[in-house]
Amino acid sequence: MSDSRKPELVLVLDFGGQYKELIARAVRGLSVYSEIRPGNMSADEIKRLSPIGIILTGGPSSVYLPGSPMCDPAIFELGIPVLGICYGMHLMCHVLGGEVAAGGAGEYGRVTVTPESPASALFHETRGKPFAALMSHRDVVSRLPFGFRRTASTAVCAAACENAEKKLYAVQFHPETKHTDGGREIFQRFLYGVCGAAGDYRLDDYIDTQIRFIRQTVSENNVLLALSGGVDSSVCASLLSRAVPNQLVCLFVDHGFMRLNEGDEIERVFSKRKLRFIRVNAKERFLKRLDGAAEPETKRKLIGEEFVRVFEEESAKLGDIPFLAQGTIYPDIVESGGSYGATIKSHHNVGGLPKNLKFTGVVEPLSGLFKDEVRVLGGKLGLPAFLVNRQPFPGPGLAIRIVGGVTEEKLSVLRKADAILREELDGARNRPDQYFAVLTDTRSVGVKGDERTYSPVIAIRAVITGDFMTCDYAPIPHKTLGRVSSRITGEIPSVSRVVYDITSKPPATVEWE
Ligand code: XMP
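Residues numbered from 1 in each chain as written. Predicted model: local features only at pLDDT ≥ 70, side-chain atom pairs only at ≥ 80, totals over all residues. Heavy atoms only, no water.

1. Some details on the overall build of the protein chain
- Regarding its fold elements, the protein chain presents 14 helices and 18 strands.
- What you see for the protein chain is a C-alpha radius of gyration of 26 Å, in line with the 24 Å of a compact globule of 513 residues.
- Dimensions of the protein chain along its principal axes, counting C-alpha atoms only, are 80 × 60 × 40 Å.
- Within the protein chain, the fraction of its 513 residues that count as buried is 52%.
- A sequence separation of at least 24 residues applies to 76% of the contacts in the protein chain between residues at least 6 apart.
- Between the mean site of the 63 positive side-chain charges and the mean site of the 61 negative ones, the protein chain shows a separation of 3 Å. (Helix = DSSP H or I, 4+ residues; strand = E, 2+ residues; numbered from the N terminus. Rg over C-alpha atoms; globule rule 2.2 N^0.38 Å. Buried < 20%, exposed > 50% of the residue type's maximum accessible area, 1.4 Å probe, protein only. Contact = heavy atoms within 4.5 Å. Lys, Arg positive; Asp, Glu negative; His and termini not counted. Charge placed at Lys NZ, Arg CZ, Asp CG, Glu CD.)

2. What to know about the domain arrangement of the protein chain
- Split into domains, the protein chain comes out as domain 1 (9-194), domain 2 (203-388) and domain 3 (401-500).
- Centre-to-centre, using C-alpha coordinates, domain 1 lies 45 Å away from domain 3. (Domains from an automatic or database assignment.)

3. Structural notes on the environment of Leu96
- Inspection of the secondary structure puts Leu96 in the loop between α3 (87-95) and β5 (99-115).
- Distance in space between the C-alpha atoms of Leu96 and Tyr108 is 26 Å, their sequence separation being 12 residues.

4. So, helix α8 (residues 283-290)
- Three or more residues of α8 are buried, namely Phe286, Leu287 and Leu290. Angularly, the buried residues of α8 cover 100 degrees about the axis, an arc narrow enough to put them on a single face. Exposed and facing more than 90 degrees away from the buried side of α8 are Glu284 and Lys288.
- Lining the buried residues of α8 we find β11 (248-254), α9 (296-317) and α13 (408-425).
- Gly292 lies just past α8 and shows a positive phi near 90 degrees. (Arc of directions from axis to C-beta.)

5. Section: the pairing of strand β9 (residues 168-171)
- Of the two faces of β9, the one lined by Leu168 and Ala170 and the one lined by Tyr169 and Val171 are each fully buried.
- In the sheet, strand β4 (residues 82-85) pairs with β9 via 4 bridges, with the strands oriented parallel. The partner of Gly84 across the bridge, within β9, is Ala170.
- Here 4 bridges tie strand β8 (residues 158-163) to β9, and the two strands are oriented antiparallel to one another. Bridging from a neighbouring strand, Asn163 pairs with Leu168 of β9.
- Linkage of β8 to β9, two consecutive antiparallel strands, is achieved through a turn of 4 residues, within which Lys167 is found at a positive phi near 60 degrees. (Pairing = 2+ DSSP bridges.)

6. Some points on the packing of aromatic side chains
- The final tally for this structure, using the stated rule, is 12 aromatic pairs.
- Geometrically, the ring pair formed by Tyr33 and Tyr201 is tilted, given 5.4 Å between the ring centres and 50 degrees between the ring planes. Of this pair, Tyr33 sits in strand β2 (residues 33-38) while Tyr201 sits in the loop between α4 (183-194) and α5 (203-218), and the two are 168 residues apart along the sequence. The two residues Tyr33 and Tyr201 agree in class, both being buried.
- Measuring from ring centre to ring centre gives 6.0 Å for Phe252 and Phe277, while their planes differ by 35 degrees; the resulting arrangement is tilted. (Phe/Tyr/Trp six-rings, centres within 6.5 Å; stacked < 30°, edge-to-face > 60°.)

What follows is the structure, given as structure tokens:
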């Protein structure tokens, strides 16, 4: 994209739908930049951003109830194409004079959708053939607004409608989920057929733009980054070292709760780059701080506090570094825009530094990207696959995978068990999305050689998930489980029992603590 032309933008207006990020991601996957904004953004504000299209997300409310989320009615008069999805369809129809009503039992799951003829611009690919789509609604559009026509149906409702002349389109189902056949094509038709997109969003452009922006922002000054070795902070370090080589100082606080050899691997990768890499070996002090702590939230809090203390002390030793860099990514920003969820666990990230640290400015060069985009960017920046494709690893590390009190001895057992599990599953055909070992606080009787043992039980956790918000336990073949179990009990003298966690989330969480 050239500098003189404004990049194309699609706005995703949020009405509380759980799939808003999937929508924004689907649009970006089709080379059009998208941003998620609050549903009630004014038409004037939208006009100022001059998007090429607007997408209204789904949401849990009913448009006819008082207090339900509303959009500015004037957005439908801007001449900008709009696609309403689920609640977004209800909103479009309700605001424009149609009628929305509770539709009996509703539809949930994959439902057959039959396009009407003549075919809508959105459904050309289907050639009029029925297709399966994910539905999740009770309300239905019971009367279309004036000027609209029904473009697809299910057995119980209008599955899609449009006013093509005004470029207003709506679907009752969710094209953004993989449970809808041809969902990607629907977005493609909307973006390229209706909005007239050229498709100017490229990750390579993102690198160039950010490099220019970082250079402008920090000028000749040094930048300090808290590097955890996780995907986000690693990619952030790579991008910064390319933008301002030799001005970046990476502080890696090694709390001693990393997996086998992980600290050394991180050091090996980053000490080769054009940056100053400092590894602070703080193992002793973290262990001391956790002495006597057994309750999960207490451990998480103590580790978070200790991390900040070490970071402050070490950055003070480095003298005045005006800029702080953080690996904040787009979902972090979207989520911090307002969440009503209960706190299940206090997540600790190295990005969670206190606001009173004295820096002139903060640079967050990944704040426009989704996680999978960050991974692609990491590959383009030459980071090794083991870092780029790293599974999520909690900030407090193995300390929250040891149930109860943490000691070096327990850490050593868990590191070995975890390494064995990873060796066995890393190359597996249907590799789970996340897998790790947990050292439980249960001891059980066993027999090794002719000796009776009474030793801790290792639990294996492996899950299948897309977003880590919910998950199913992974159906690992029994043969693999058997091999993992016999290796763990055979190679670790103090372990004589291994169990497999077969719980989904909810009700369990991914981590045990
Ligand atoms: P839960 O256990 O909440 O985990 O179901 C969901 C995902 O988040 C990861 N996780 C963390 N990540 N800091 C992080 O950066 C944390 O404190 C933390 N705790 C859990 C977990 O591994 C899973 O992928």
